Every structure is written in C-alpha cells, then in structure tokens.
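An overview of the molecular structure
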Amino acid sequence: MRKTISVIGSGYVGVTTAAIASNAGYTVHLIDINPDRIKVLKSGKSFFYEEGIDALIKHGVENKTLLPSTEYEGIRESQLVISCVGTPDNPDGSSNLEYVFAAAKTACDYLQPGSVYVQKSTVPVGTGSQVKKILPKTTPYVSNPEFLREGTAVSDTLFFDRIVTGGDDSSALELVLDLYRAFEENRDEIANRANIERSGDDGLYIKTNLESAELIKVTANAFLALKISFANSIAKLADKSGADIVDVMDAVGADRRIGRAFLNAGRGYGGGCFPKDVSGLITSASEHGVDMPIMTAATDVNTSMPGYIANKVQEALDGSLKGKTVAVLGLAFKAGTSDARRSPGVALANLLDKLEVNVQAYDPEANEEAEPDLRQGINIVSELNEAIQNTDAIIFAVDWNQFKDFDFTKLSSLKNKPVVVDAMNMFTPSDISDNGLLYLGVGRK
C-alpha cells in the first residue's frame, strides 16, 4: 500500500522533495496557493530550471503519484505534512515567518490523528515551539531542515550527506526518516530517470532535539558564507601583495582540518539562502542577547565585492567607466539554476549602470528571472555573441559551462580588445593573456 504525504509550498525545496517522493513509492499532494505554479506543475514540468527535475515531475504527474493542487484537502489522507514555504527576510534582517504560521494554521483544519507535521523551511531557532502552539496537541512536530543546493537539488536530495530530524516524539522522527530511507532504496532508479550521476557516500541519519535541528541549518549556511567572505578578504590582500589567491587557498584547503570547499574568492555569495540565513542568524542571536560580530563582518565583506570588482575594471579602463560598454555574463546567483535572487551578477550590472556604463547582460537560463531586479537602462540580450559585441570589458560573473568553454581567440582578433574580468576566478590567466588580452581576476595577477 502506497503511503501518502503532503508538501506545502512549491519552491525549490518543496518541488524537489515532492518530485522525488512521488518517484520513491509515495503519493504526494503538492500544495501551493499560486495557481500559475500549480498549472505549470500539472503540465508535467517545473516553472524553474533545475537539472533532472522535469523528468521526475513528468513521471509523477503521468502516474498520478504527484498531485499538484491549490487545495489543502490532500492533508486529510497524509501521514506526513511537510511545510516548505518561503521565509524571506524582513527589512531589518529578521526572518519573515508569516507563511510558516499561515501554513500551519490552515493545515490544522485538515490534519488527522496520527499525522506528523514537518518543518522543512529554514527558520530561526525557537520557531518550532511557536508553531507547536498552533497545531493540535495530538500532532507531533518535527524539524527536518533541508541542505540541498540549487543547481544540484535532485542529486543533493538523493545522495544526501546527512538527514537531520529534531523533536521529542521518537515515533514521529522515525516516520520522517522512513521517507529518506525510501529515497535511498530507490535512488539508482530515480537518478537514472533524472539523468543524474551518483555522488558521495551514504549519508548519516541524525536525531536531536527541536532547537538543535533548527540551529544546525542556519549555522551550516552561515559558516559556508563565512568561508567565502574569508577567502575574499585574503584575496584583497593578495591583490596588494602579488600573491595568487587560488594557489593560496589550494594549499590552505589541503589541510584536512580546513578543507577546500567554499574557499573561493570572487564576486561574493548570493541566492535565496546565504544572505537571508546570515542576516537571520545575526538578528536571532541579537534577540537572545548574543552578538555576532564575525557574521556581521562576513556580510560587510560580501556586500563590498561588486564595488571592489567595478573599481578594478575602472582602473583597467584608464580610470573612467562613464560611457564605456561592459558585458556582464551571468545573472543567476550561481550556475545550474535560473534563480537570480540576490545575484552578485545583477548587483554588478546595476552598479555599473549607476556609473553610466552601457551594460549588456546575458545569462543562459536566468534572463527572465533577473529582469525585474535589473535597472531599466540595462540591455538584456538573448545570445552570448550579442552580449560581447563592441565591449570595453567583459565580466564573467557565473561559472556556467558555456562560459568556461569560451573561445578567447574570438576577442584577440578584435581591434578594440576588451578587458577580461574573471569574477569567479575560473580561468587560467595565461589562457587569456596569451591571446593578447588583459586579464583581471580577484586576488590574482
């Protein structure tokens, strides 16, 4: 007999969780109040770009194991009700929990005895105790934070490194863990269907208390953001001293106590998680009477990076940007996704536009999503070759494979050779300079 669950919220986390569960032996009601999203999902595809997700949605919809809906009725037959609603930040940096509480209140009208309410949204520590007051006393509450990365969401969910559950009902925790055991049991078949390669070793199953589970997620993201800002701080010193930040971090990261991941200098971090989770942690700590100066510094360094890169371009163009033409390649916040929230590429493009630069912007997947956040004077183009025409500088702001494979001989033959700005430090400098082009990295000669 198939088990039935409900997933509330059709963002990256909700859609990925629902799509995989519907391919792993569960019937899944995917609930969202946005009818446009539900209409697209019912057609058998996602409304955002994510590798492998469309094949899983299509299979679930066609086999009636994935049931997108704007109604909450499916909760009546669900053993697990998983909240994946958004938690945007407020102007003061705190987490907006409006959707978290609203989802719980609405679900109360449909929850049945024995069902478990699961919070997968990223929330500040202490949120669960407030949600529990909304739910029926007979409904166990479990914190089950997500750790997927946009661009590799399907792979991260299938081949997880850890599953964290927090709560005081051991049976409820086991019911949640059973969902991921089903993911494991079916992962090879699902990965083949999504055309996703296996990655990593088998993950850990971690059970803890509610508050610890909530704090684990934001702490993990804050630490990764801190590593990026640390690398950028050292990159600024490398620029002044003649060191190469890539060589420095390769050697530092070879220390097993430190590790190489996320020690990447460049245009800074963005997206819907790191900026929000860092600001949320700072605010949450303040509410508990704890200062977080190290995280405030990480935010300050990150905010400085688009301006730092713009200044490097200005210096390379004889001290003036006004009237120059600059291509910004990459508007998603990272490769592999169409998500342009808090995108460093968008921030760079907007900053240059303010400085009266003619900006030509392009992204292979995120043009449409980035457009609302781009200043009106920016020219969004649909082809890479169009973006690089007649430019004084070209900024590579995302490490899409299309950009990594760029043929720099195309630029070397131009009369007006543009400056190549490697805002991701993804190129070998000599590959550019050997073509007679000026290379600018972040913390690199």
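All values derive from a computational prediction rather than experimental measurement.

Moving on: the overall build of the protein. If you tally the helices and strands in the protein, you get 17 helices and 14 strands. Scaling as 2.2 N^0.38, a compact globule of 445 residues should have a C-alpha radius of gyration of about 22 Å, and the protein matches this with 23 Å. If one aligns the C-alpha atoms of the protein with their principal axes, the spans along those axes are about 75 × 50 × 40 Å. In the protein, which comprises 445 residues, the share counted as buried stands at 54%. Taking as baseline every contact in the protein between residues at least 6 positions apart, the subset at least 24 positions apart corresponds to 72%. Of the roughly 19700 Å² that the protein leaves accessible, carbon and sulfur atoms contribute 49%. Seen as two clouds, the 44 positive and the 59 negative side-chain charges of the protein have centres 1 Å apart.

In this structure, D363 sits in the loop between β10 (358-362) and α13 (367-370). R267 provides the closest opposite charge to the buried, salt-bridge-free D363, at an N-O distance of 8.3 Å. Those residues in contact with D363 that sit more than four places away from it in its chain are G330, L331, A332 and W400.

Inspection of every chain in the model, using the stated rule, returns 17 aromatic pairs. For the pair F47 and F48, a centre-to-centre distance of 5.1 Å together with 90° between the ring planes defines the contact as edge-to-face. On the basis of relative accessibility, which here comes to 29%, the residue F47 falls in the partly exposed class. Summarising the aromatic geometry, the rings of F396 and F408 are spaced 6.0 Å apart at their centres and angled 65° between planes, so their arrangement reads as edge-to-face. Residue F396 is found in strand β12 (residues 393-396), and its partner F408 is found in the loop between α15 (401-404) and α16 (409-412); the two are separated by 12 residues along the sequence. Across the pair, F408 and F396 agree in class, each one buried.

In this section: the nonpolar core. Among the nonpolar cores identified, the biggest contains 46 residues, and I5 and L179 are the most heavily contacted of them. Ranked by residues supplied to this core, first place goes to helix α7 (residues 170-194) with 11 residues. Discounting chain neighbours no more than four positions away, the residues touching I5 are A21, Y26, T27, V28, H29, S78, L80, I82 and L179. Core analysis: the second largest hydrophobic core is formed by 37 residues, I309, L317, A361 and V419 among them.

What follows is about the sheet that holds β12. One open sheet holds the 6 strands; their spatial order is β11-β10-β9-β12-β13-β14, and the pairing between them is parallel. Unpaired on one side and paired on the other, β11 (379-380) and β14 (439-440) mark the two borders of the sheet. Across the sheet, helix α12 (residues 344-354) touches β9 (325-329), β10 and β12, and the angle it forms with β9 is around 165°.

Here D161 shows up in the loop between α6 (153-158) and β7 (162-166). Separated by 44 residues in sequence, D161 and Y205 have C-alpha atoms that sit 8.9 Å apart. Contact partners of D161, with chain neighbours within four places excluded, come to G203 and L204. For D161, the side chain forms a polar contact with the side chain of R162, separated by 3.1 Å.

Buried residues dominate helix α1 (residues 12-22), accounting for 11 of its 11 residues. Listed in full, the buried residues belonging to α1 are Y12, V13, G14, V15, T16, T17, A18, A19, I20, A21 and S22.

Burial analysis of β10 places 4 of its 5 residues in the buried class, which makes it a mostly covered element. The pairing of β9 with β10 spans 5 bridges and is parallel. Bridge assignment links V326 to a residue of β10, and that residue is V359. With respect to chirality, the unit in which β9 leads through α12 into the neighbouring parallel β10 is right-handed. Bridge count for β10 against β11 is 2 bridges, and the pairing is parallel.

The subject of this paragraph is the side chain of E146. One can find E146 in the loop between β6 (141-143) and α6. Polar side-chain contacts of E146 include one of 3.1 Å to the backbone nitrogen of L148. At 2.7 Å, the side chain of E146 forms a polar contact with the side chain of K217. In this view, E146 contacts V13, K120, T122 and K217; residues no more than four positions away in its chain are not counted.

What counts, and at which threshold
Residues numbered from 1 in each chain as written. Predicted model: local features only at pLDDT ≥ 70, side-chain atom pairs only at ≥ 80, totals over all residues. Heavy atoms only, no water. Helix = DSSP H or I, 4+ residues; strand = E, 2+ residues; numbered from the N terminus. Rg over C-alpha atoms; globule rule 2.2 N^0.38 Å. Buried < 20%, exposed > 50% of the residue type's maximum accessible area, 1.4 Å probe, protein only. Contact = heavy atoms within 4.5 Å. Areas by Shrake-Rupley, 256 points an atom, 1.4 Å probe, with all protein chains shown as cover. Lys, Arg positive; Asp, Glu negative; His and termini not counted. Charge placed at Lys NZ, Arg CZ, Asp CG, Glu CD. Salt bridge = Lys/Arg side-chain N within 4 Å of Asp/Glu carboxyl O. Phe/Tyr/Trp six-rings, centres within 6.5 Å; stacked < 30°, edge-to-face > 60°. Core = buried A, V, L, I, M, F, W, Y, C linked by side-chain atoms within 4.5 Å. Pairing = 2+ DSSP bridges. Axes fitted to C-alpha atoms, helices over the stretch in contact; angles between N-to-C directions. Polar contact = N/O pair within 3.5 Å; in protein donor to acceptor, adjacent residues only side chain to side chain. Right-handed = clockwise from strand over helix to strand, strands pointing away.

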